[in-house]
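# Analysis of the macromolecular model
The residues making up each chain are set out below.
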Amino acid sequence: MKILFDKVQYTPKDFRFEEGGLLFKGSLTRTGGHSIELEGTINGDVELDCNRCGATFHYPYETTLKLLLSDQIVGNKDDLDIIEFLDGQIDISYILESEINALKSDYLYCPKCDNGEDSFEIEF
Ligand SMILES: [Zn+2]
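Structural notes, computed from the coordinates. Keep in mind that what you see is a predicted model, and the values were worked out from it rather than measured.

Moving on: the overall build of the chain. Regarding its fold elements, the chain presents two helices and seven strands. Starting at the N terminus and walking to the C terminus, you meet the elements of the chain as β-β-β-β-β-β-β-α-α. Buried positions account for 12% of the 124 residues belonging to the chain.

Below you can see the structure in the form of structure tokens.
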């Protein structure tokens, strides 16, 4: 799903994108000639491989995002939450994909390994 950079104005434009059991929704607001702010949430189930036992499991994912989008090269990249879309098209699916890839690069354990049999406790 792509949104033209020029179509986003100073009043927030809502978007909603669903893919692979995930819902990514939020709004885009122009903050300057070449900058757009994205605020949104991602919700859903992500299929992950356990880093310990390798089992595939479903991870209930929920996150809020606040990103700055630019249609030109950003000189100051100290702020890592800037994404450049030099072709003038905001690629919503790309943003969702990079968030999920970042999640997958974390060390995540399936519920079984995460609890660890030794330290498993039930709280009442
Ligand atoms: Zn595991």
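Ordered by their spatial adjacency, five strands build an open sheet running β2-β3-β4-β5-β6, and the pairing between neighbours is mixed. Strands with a single pairing partner mark the edges of an open sheet, and in this sheet they are β2 (13-19) and β6 (82-84). Averaged over all pairs of adjacent strands, the angle between strand axes in this sheet comes to 35°, irrespective of strand direction. With ten bridges joining them, strand β3 (residues 22-32) and strand β4 (residues 35-49) adopt antiparallel strand pairing. Along β4, the bridge assignment pairs G26 with G40. Across the sheet, helix α1 (residues 92-104) is in contact with β2, β3, β4, β5 (56-70) and β6; its angle to β2 comes to roughly 55°.

Attention shifts here to α1. For α1, which comprises 13 residues, the first-to-last C-alpha distance of 19 Å matches the rise-based estimate of 18 Å (1.5 Å per residue) to within 8%. Buried within α1 we find I92, I95, L96 and I100. Projected onto a plane normal to the axis of α1, the buried residues spread over an arc of 130° and lie on a single side. Along α1, the residues that are exposed and aim more than 90 degrees away from the buried face are N101 and A102. Residues of α1 that are buried in the fold lie against β1 (2-4), β2, β3, β4, β6 and β7 (89-91).

Attention now goes to the nonpolar core. One recurring pattern in soluble globular proteins is that nonpolar side chains are buried together. The biggest cluster of nonpolar side chains holds 13 residues, and the ones touching the most others in it are L28, I36, I90, I92 and L96. Elements supplying a minimum of two residues to this core: β3, β4 and α1. In terms of residues, this core owes the most to one element, α1, which gives four residues. Every residue in contact with I90, bar those within four places of it in the chain, is listed here: K2, I3, F5, L28, I36, L69 and F85.

What follows is about the pairing of β2. Sheet topology places β2 next to β3; seven bridges connect them, and they run antiparallel. Pairing of F15 across the sheet is with G26, part of β3.

Every regular strand shows the same layout, with side chains that alternate between the two sheet faces. Here β2 folds back onto β3 in antiparallel fashion, the turn holding two residues, of which G20 has a positive phi close to 50°. Two successive antiparallel strands, β3 and β4, enclose a turn made up of two residues.

Rules of the game
Residue numbers here run from 1 along each chain, matching the order of that chain's written sequence. For this predicted model, a pLDDT threshold of at least 70 governs which residues receive local features, and a threshold of 80 or more governs which side-chain atom pairs are given and counted, while totals over whole chains, interfaces and linings are taken from all residues. Secondary structure elements follow DSSP: runs of H or I no shorter than four residues count as helices, runs of E no shorter than two count as strands, and numbering proceeds from the N terminus. Remark: C-beta atoms are placed from the backbone, and a residue is labelled buried if 20 or more other C-beta atoms sit within 10 Å of its own, exposed if 12 or fewer do, or partly exposed between those counts. At least two bridges found by DSSP between two strands are what make those strands a pair. Think of each axis as a best-fit line through the C-alpha atoms, taken over the contacting stretch in the case of a helix, with angles from 0 to 180 degrees between the N-to-C directions. In this description, any two residues whose backbone-derived C-beta atoms lie within 7 Å of each other are considered to be in contact. Each helix should span, by expectation, one fewer than its residue count multiplied by 1.5 Å. Regarding the arc, it is the one traced by the directions from the helix axis to the C-beta atoms. As used throughout, a nonpolar core is a set of buried Ala, Val, Leu, Ile, Met, Phe, Trp, Tyr and Cys residues joined through C-beta atoms within 7 Å of each other.

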